[in-house]
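Spelled out, the chains give:
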Amino acid sequence: MNIVEKAFTLLYPEKQLDKEMSIKYSRRFSDYNANVRLKNNHLLFHFSKKWKEIDQDIRMGLIQELLVKVYKDKRKTFQMKLYNTFIKNVHLAIPKDNVDPILLESFNRMNEKYFQGMVEMPNLVWGTNSKSTLGNYNFHTDTIKLSSIFKNYPTFIDLVIHHEMLHKHLKFYNTKSKSMFHSPQFRRLEKEFENFEEVERKLKRFLAKERIKSFFWS
């Protein structure tokens, strides 16, 4: 029995394995990234090479996290708890070698103002010129990424950086059905950003204008 089949059996002891399942490790993925694809009744799990070095129970937890998404299930296992604990702490081992100086200035400013300087610096990079995904924090790579739309409009960088730093600082918690990233505590701390409601309104107006421009330029 391979690791995928074992993870399935531990997750669904009452079910018969109804699909072919396999795992492939790839250098094309960022550290600790993974996904699963279903094709012709075959579930293929793609993992980054880094996962080969990780304890089997933690890897089974990752497989189970992907399986419950495929089967639209809500159950949790001991292995899934181990995986989530690992992801919450993996940032400690990630190299911080991709740091944009403009984003670093904002990070340091927000760290001192709202986090007492306690948040460890992640990788800080620019993403695509997106008007829908303004920023995100990737737990697997310990990376805060901001939309390149802010390169020419730096007014809102601090607001988005602060939001993503909260994700890094608070991490997430698990309910019986899913992982929660925007807890009541998150929403409360988010509003501690100076003039939060006013800055957020300005950001929404700015994005609305940018979408109108894109419509006419396309």
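What counts, and where the lines are drawn
Residues numbered from 1 in each chain as written. Predicted model: local features only at pLDDT ≥ 70, side-chain atom pairs only at ≥ 80, totals over all residues. Heavy atoms only, no water. Salt bridge = Lys/Arg side-chain N within 4 Å of Asp/Glu carboxyl O. Helix = DSSP H or I, 4+ residues; strand = E, 2+ residues; numbered from the N terminus. Buried < 20%, exposed > 50% of the residue type's maximum accessible area, 1.4 Å probe, protein only. Core = buried A, V, L, I, M, F, W, Y, C linked by side-chain atoms within 4.5 Å.

## Some points on the pattern of salt bridges
Now for step 1: Here the structure, examined in full by the defined rule, presents twelve salt bridges.
Now for step 2: Between Glu 14 and Arg 75 there is a salt bridge; the shortest N-O distance is 3.1 Å. Note that Glu 14 is positioned in the loop between helix H1 (3-11) and strand S1 (20-26) and Arg 75 in the loop between helix H2 (56-70) and helix H3 (78-89), a separation of 61 residues in sequence.
Now for step 3: You can call Arg 75 partly exposed: its relative accessible area is 29%.
Now for step 4: Two residues, Asp 142 and Lys 96, come together in a salt bridge whose shortest N-O distance is 3.2 Å. One end of the pair, Asp 142, is in the loop between strand S5 (135-138) and strand S6 (143-146); the other, Lys 96, is in the loop between H3 and helix H4 (101-114), with 46 residues separating them in the sequence.
Now for step 5: For Asp 142, a relative accessible area of 0% translates into the label buried.

## Side note on the nonpolar core
Now for step 1: Trp 51, Leu 146, Phe 150 and Ile 161 are the most contacted members of the largest nonpolar core, which has 57 residues in total.
Now for step 2: Per-element tally for this core: the top contributor is H2, with seven residues.

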